[in-house]
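Chains, contacts and geometry: an overview
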Amino acid sequence: QRDGDNAAALQLASRAYAERPKTPWVLATLFDLQRKAGRWRDALSTLEEALRRNAVAREDGRRQLVAVLLACSREAERGGDHDGALTFARRANGEAGASLPAAIRLAGLLLAAGRRRRAANVVQDCWARKPHPELARLYLQMADSDDPIERVKRIEKLAGFNPDHPETHVALAEALLAARLWGAARTHLRRAAGEQPPARVCRLMAALAEGETGDAAEIRRWLVAAAGAPRDPAWTCGACGAQAPEWAPVCAACAALGTIDWRGAPRGPPRGVSPGVQLRAGFGRNPPGAPETPPPATPP
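Below, the structure is looked at part by part. Please read these numbers as outputs of a predicted model, since none were measured by experiment.

Pairs may arise between side chains of opposite charge once their charged atoms sit close together. Applying the stated criterion to the full structure yields 20 salt bridges. The partner of Glu75 in a salt bridge is Arg41, with the nearest N and O atoms 3.7 Å apart. Of this pair, Glu75 sits in helix H4 (residues 58–78) while Arg41 sits in helix H3 (residues 40–52), and the two are 34 residues apart along the sequence. The exposure class assigned to Arg41 is partly exposed, which follows from its relative accessible area of 38%. The partner of Glu95 in a salt bridge is Arg62, and the shortest N-O contact between them spans 3.0 Å. Within this pair, whereas Glu95 is found in helix H5 (residues 82–96), its partner Arg62 is found in helix H4, the two being separated by 33 residues in sequence. Among the residues examined, Arg62 registers a relative accessible area of 33% and is labelled partly exposed.

The structure is reproduced here in structure tokens:
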């Protein structure tokens, strides 16, 4: 390992495991080398053995188990084993409790297999605990119609499982914007904004202004506000803080296993913005910090 020869190290660790399968450090070393080599099914067997023998902390082991199961699911799907991919995803979702990555993966695989009702149940259950934009996208894919009003009704059904969460109001606002229902969209954006609207809410307000009035100055003001707004939630490593475009079992920055989760921006005002520049109950057409201007006339 010191010489960087992980292939030889893995061979030696496998021999050590054959000689002393109950030794905690042997299990830990073998597991680490297997997952670094991308041998996910072997790593799964080793981790399960380590958990049985209490060779790994229970909480860390369960978190890593979910990540390894999802890695096995991805590996099976790439190899054309869709039944295996579903089996691993089901196990991950069962182990995870409130794991968002496991629910997203399971729902996506069920939808791809044409099992829409089961996929919908997975999405609804996860939405009640931890809403996410990808869950809303999957739920809309299960709709029987592309009609914008029907899609609003579809999201309204999902919203009922967690009606007060900001992500619920954002999902409703996006569907209402697509249906050109400007007033209702503004209502939900107002509810999603809180004291400091995140960047995504500001961008949606810009889209609302573009669709409703086409006021270029208002659009620009909201886009400027988005640039200085608190960051949107993102897939973030809990070990090193690096962000990723999508969930992965291993952090690309620090190689930690099972540490990436959907995390919100830090609390407090964004850097360079005064704490006094916040949205209040009015949340009208002017973004925070913008000069007060009369609203444009509403077309008949």
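That shown, we press on.
It is worth spelling out the environment of Ala128 at this point. Relative to the elements of secondary structure, Ala128 occurs in helix H7 (residues 116–129). The class for Ala128 is partly exposed, based on a relative accessible area of 38%. The sequence separation of Ala128 and Asn162 amounts to 34 residues, and the corresponding C-alpha distance is 5.0 Å.

Core analysis: the largest hydrophobic core is formed by 78 residues, its most contacted members being Val68 and Met142. Among all residues touching Val68, those that are not within four sequence positions of it are Phe31, Trp40, Ala43, Leu44, Leu47 and Leu257. One finds Ala9, Leu10, Ala13 and Leu30 within the second-largest nonpolar core, a separate group that totals five residues.

Attention shifts here to the sheet that holds strand E1 (residues 234–237). Backbone-to-backbone hydrogen bonds pair the strands of a sheet. The strands run either parallel or antiparallel. If you trace the three strands from one edge of the open sheet to the other, you get E2-E1-E3, paired in antiparallel fashion. With partners counted over all chains shown, the strands left at the sheet margins are strand E2 (243–244) and strand E3 (260–263), one partner each. Inspection of the sheet shows E1 paired to E2 by two bridges, in the antiparallel sense. Note that in E2 the partner of Thr236 across the bridge is Gln243.

Right, let's get into the packing of helix H10 (residues 166–178) against helix H12 (residues 199–212). Orientation of H10 relative to H12, taken along the N-to-C sense of each, is 20 degrees, at an axis distance of 11 Å. Between H10 and H12, the crossing angle belongs to the class labelled roughly parallel. Like other packed secondary-structure pairs, H10 and H12 cross with a definite hand, here left-handed. Here Glu167, Val170, Glu174 and Leu177 of H10 come into contact with H12, specifically with Arg200, Val201, Leu204, Ala207 and Leu208. By residue class, the composition of the contact of H10 with H12 is six nonpolar, no polar and three charged.

In this structure the tally under the stated criterion is one aromatic pair. When the ring centre of Tyr139 is taken as reference, the NZ or CZ atom of Arg154 above it lies at 3.9 Å.

What follows is about H12. Spanning 14 residues, H12 covers 20 Å between terminal C-alpha atoms, matching the ideal 20 Å at 1.5 Å per step. Where burial is concerned, most of H12 is hidden: 10 out of the 14 residues are buried. Along H12, the residues that are buried comprise Ala199, Arg200, Val201, Cys202, Leu204, Met205, Ala206, Leu208, Ala209 and Glu212. At its buried positions, H12 is contacted by helix H8 (133–141), H10, helix H11 (182–193) and helix H13 (216–227). Positive backbone phi, at 70 degrees, marks Gly214, one or two positions downstream of H12.

Let's shift gears to the environment of Ala120. Residue placement: Ala120 occurs in helix H7. Note on Ala120: relative accessible area 9%, which makes it buried. Between the C-alpha atoms of Ala120 and Gly108, which are 12 residues apart in sequence, the distance is 9.9 Å. The contact partners of Ala120, leaving out residues within four places of it in the chain, are Tyr139, Met142 and Arg154.

Burial along E1 is two-sided: Ala234 and Thr236 and Trp235 and Cys237, pointing in opposite directions, are all buried. Sheet topology note: the E1/E3 ladder contains four bridges and is antiparallel. Within E3, the residue paired with Cys237 across the bridge is Ile260.

So, how was this worked out
- Residues numbered from 1 in each chain as written.
- Predicted model: local features only at pLDDT ≥ 70, side-chain atom pairs only at ≥ 80, totals over all residues.
- Heavy atoms only, no water.
- Salt bridge = Lys/Arg side-chain N within 4 Å of Asp/Glu carboxyl O.
- Helix = DSSP H or I, 4+ residues; strand = E, 2+ residues; numbered from the N terminus.
- Buried < 20%, exposed > 50% of the residue type's maximum accessible area, 1.4 Å probe, protein only.
- Core = buried A, V, L, I, M, F, W, Y, C linked by side-chain atoms within 4.5 Å.
- Contact = heavy atoms within 4.5 Å.
- Pairing = 2+ DSSP bridges.
- Axes fitted to C-alpha atoms, helices over the stretch in contact; angles between N-to-C directions.
- Parallel < 35°, antiparallel > 145°, perpendicular 65-115°, else oblique.
- Left-handed = near helix turned anticlockwise from the far one by under 90°.
- Nonpolar A, V, L, I, M, F, W, Y, C, P; charged D, E, K, R; others polar.
- Phe/Tyr/Trp six-rings, centres within 6.5 Å; stacked < 30°, edge-to-face > 60°.
- Lys NZ or Arg CZ within 6 Å of the ring centre and 35° of its normal.
- Expected span 1.5 Å × (residues − 1).

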